[in-house]
Amino acid sequence: MFVWGPVIIALIIGFIIGTRFKNNNIYTLSSFLVIFILAILFAKGIGQFPYYDDYSIATTLIAAAVGLLAGKFIFDR
């Protein structure tokens, strides 16, 4: 059974943090692409929370990365 609570909270927190990034030379599109790829690799290495055997990847970490990117690109500062 998929647990939605941690995924939704991670998405909201990632979205809030993503809105705080300002446009400068440090955070470019390629840097966010690298962050997302590393988040996928870390999520695969971490695995799912104990006793959650639905997926072999940490869905909360992926949701936080998606929220981060969504917050950055929706509120492009």
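Conventions used here
Residues numbered from 1 in each chain as written. Predicted model: local features only at pLDDT ≥ 70, side-chain atom pairs only at ≥ 80, totals over all residues. Heavy atoms only, no water. Phe/Tyr/Trp six-rings, centres within 6.5 Å; stacked < 30°, edge-to-face > 60°. Helix = DSSP H or I, 4+ residues; strand = E, 2+ residues; numbered from the N terminus. Buried < 20%, exposed > 50% of the residue type's maximum accessible area, 1.4 Å probe, protein only. 1 Å grid on protein atoms, 1.4 Å probe; cavity = no way out; pocket = protein on both sides within 12 Å on 5 of 7 lines; lining within 4 Å. Points joined across faces, edges and corners; volume = space filled by probe spheres on them. Nonpolar A, V, L, I, M, F, W, Y, C, P; charged D, E, K, R; others polar.

## Remarks on the packing of aromatic side chains
- In total, this model carries 2 aromatic pairs according to the counting rule given.
- Between phenylalanine 15 and phenylalanine 75, the ring centres sit 5.8 Å apart and the planes meet at 70 degrees, which makes this aromatic pair edge-to-face. Of this pair, phenylalanine 15 sits in helix α1 (residues 5-19) while phenylalanine 75 sits in the segment after α3 (59-74), placing them 60 residues apart in sequence.
- Overall, phenylalanine 15 belongs to the partly exposed group, its relative accessible area being 26%.
- Note on phenylalanine 75: relative accessible area 44%, which makes it partly exposed.
- A centroid spacing of 6.2 Å and a plane angle of 65 degrees characterise the contact between phenylalanine 32 and phenylalanine 73, whose relative ring orientation is edge-to-face. In this pair, phenylalanine 32 is assigned in helix α2 (residues 29-46) and phenylalanine 73 in helix α3, connecting sequence segments 41 residues apart.

## Digging into empty space enclosed by the protein
- By the definition in use, this model includes 1 cavity of 30 Å³ or more.
- One number sums up the size of the largest cavity: a volume of about 70 Å³.
- Mapped by element, the contributors of at least two residues to the lining of the largest cavity are α1 and α3.
- Classifying every residue of the lining of the largest cavity by side-chain character gives 7 nonpolar, 3 polar and 1 charged.

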